[in-house]
Every structure is written in structure tokens, then in C-alpha cells.
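The residues making up each chain are set out below.
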Amino acid sequence: MLYTLKEAAEKLSLSPAAVYDMVKAKVIPHRRVGKKRTTIRFTDEDLQSYIEGCKEDVQEHVQKQDKSRRSAARPVLKHLKL
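Residues numbered from 1 in each chain as written. Predicted model: local features only at pLDDT ≥ 70, side-chain atom pairs only at ≥ 80, totals over all residues. Heavy atoms only, no water.

**Q** Would you mind showing me how to read the environment of D44 here?
**A** Tracing the backbone through its elements, the reader meets D44 in helix α3 (residues 44–71). On the basis of relative accessible area, D44 is assigned to the partly exposed category, the value being 36%. Taking C-alpha positions, D44 is 6.8 Å from M1, a pair spaced 43 residues apart along the chain. Dropping the residues within four chain positions of it, D44 is found in contact with M1, Y3 and K11. (Helix = DSSP H or I, 4+ residues; strand = E, 2+ residues; numbered from the N terminus. Buried < 20%, exposed > 50% of the residue type's maximum accessible area, 1.4 Å probe, protein only. Contact = heavy atoms within 4.5 Å.)

Here you go:
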């Protein structure tokens, strides 16, 4: 099934403008159809691959945060007297 830009935006819970910006930046897979190839359409696979890519980005971000938390030195609190 092919989705319009507006339908894809609704499925992704984004604004149509945000999806259009992602199309321009080639962040989200899409199809251009029509005589002048100006109509933008999305398949289920296009949307699913974008969602999977987002999951991977989040997982990488969380792993980087965990590593930096473990390696961060504890701050020295000289102003506190125990």
C-alpha cells in the first residue's frame, strides 16, 4: 500500500512539514511517482525501516551515555565538611 505524505505523517505521529523535511534531507525512504515525479509516496516497508533506524539511534545513544556515566570521575566536594 502507498501512503501520502499526510498519511505517513499521521502513522509516524509527526507533522507533514517534518516528514517533508526528512524527505528533502533523504532521511526517510520514499517513492516519487507521477509524470514529473513530484508526488511523494511511502510504503509500509519505508516507514518500518525509518522506525527501525530510529530505534538503533536511540540504543546507540543510551549505550554512549552508560559508558560516559561509568567512566566519569566523581566530583570533589571540598566545600562540604564531614
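**Q** Please clarify how the nonpolar core should be interpreted in this entry.
**A** For soluble globular proteins, nonpolar side chains are generally found buried alongside one another. Ranked by size, the top nonpolar core spans 13 residues in total, and within it V19, I28, F42 and L47 carry the most contacts. Taken together, the elements giving at least two residues each to this core come down to α1 (5–12), α2 (16–24) and α3. With four residues, the top contributor of residues to this core is α1. Sequence-distant contacts of F42, that is, excluding residues within four places in its chain, are made with M1, L2, Y3, T4, L5, A8, V19, V23, I28, P29, H30 and L47. (Core = buried A, V, L, I, M, F, W, Y, C linked by side-chain atoms within 4.5 Å.)

**Q** Sorry, what's going on with α1 here?
**A** Three- or four-residue spacings in an α-helix give side chains the same orientation, since the helix completes a turn every 3.6 residues. Of all the positions in α1, only L5, A8, A9 and L12 are classed as buried. End-on, the buried residues of α1 take up no more than an arc of 100 degrees, which puts them together on one face. Turned more than 90 degrees from where α1 packs its buried face, K6 and E10 sit exposed. Looking one or two residues past α1, S13 carries a phi angle of roughly 60 degrees, positive in sign. (Arc of directions from axis to C-beta.)

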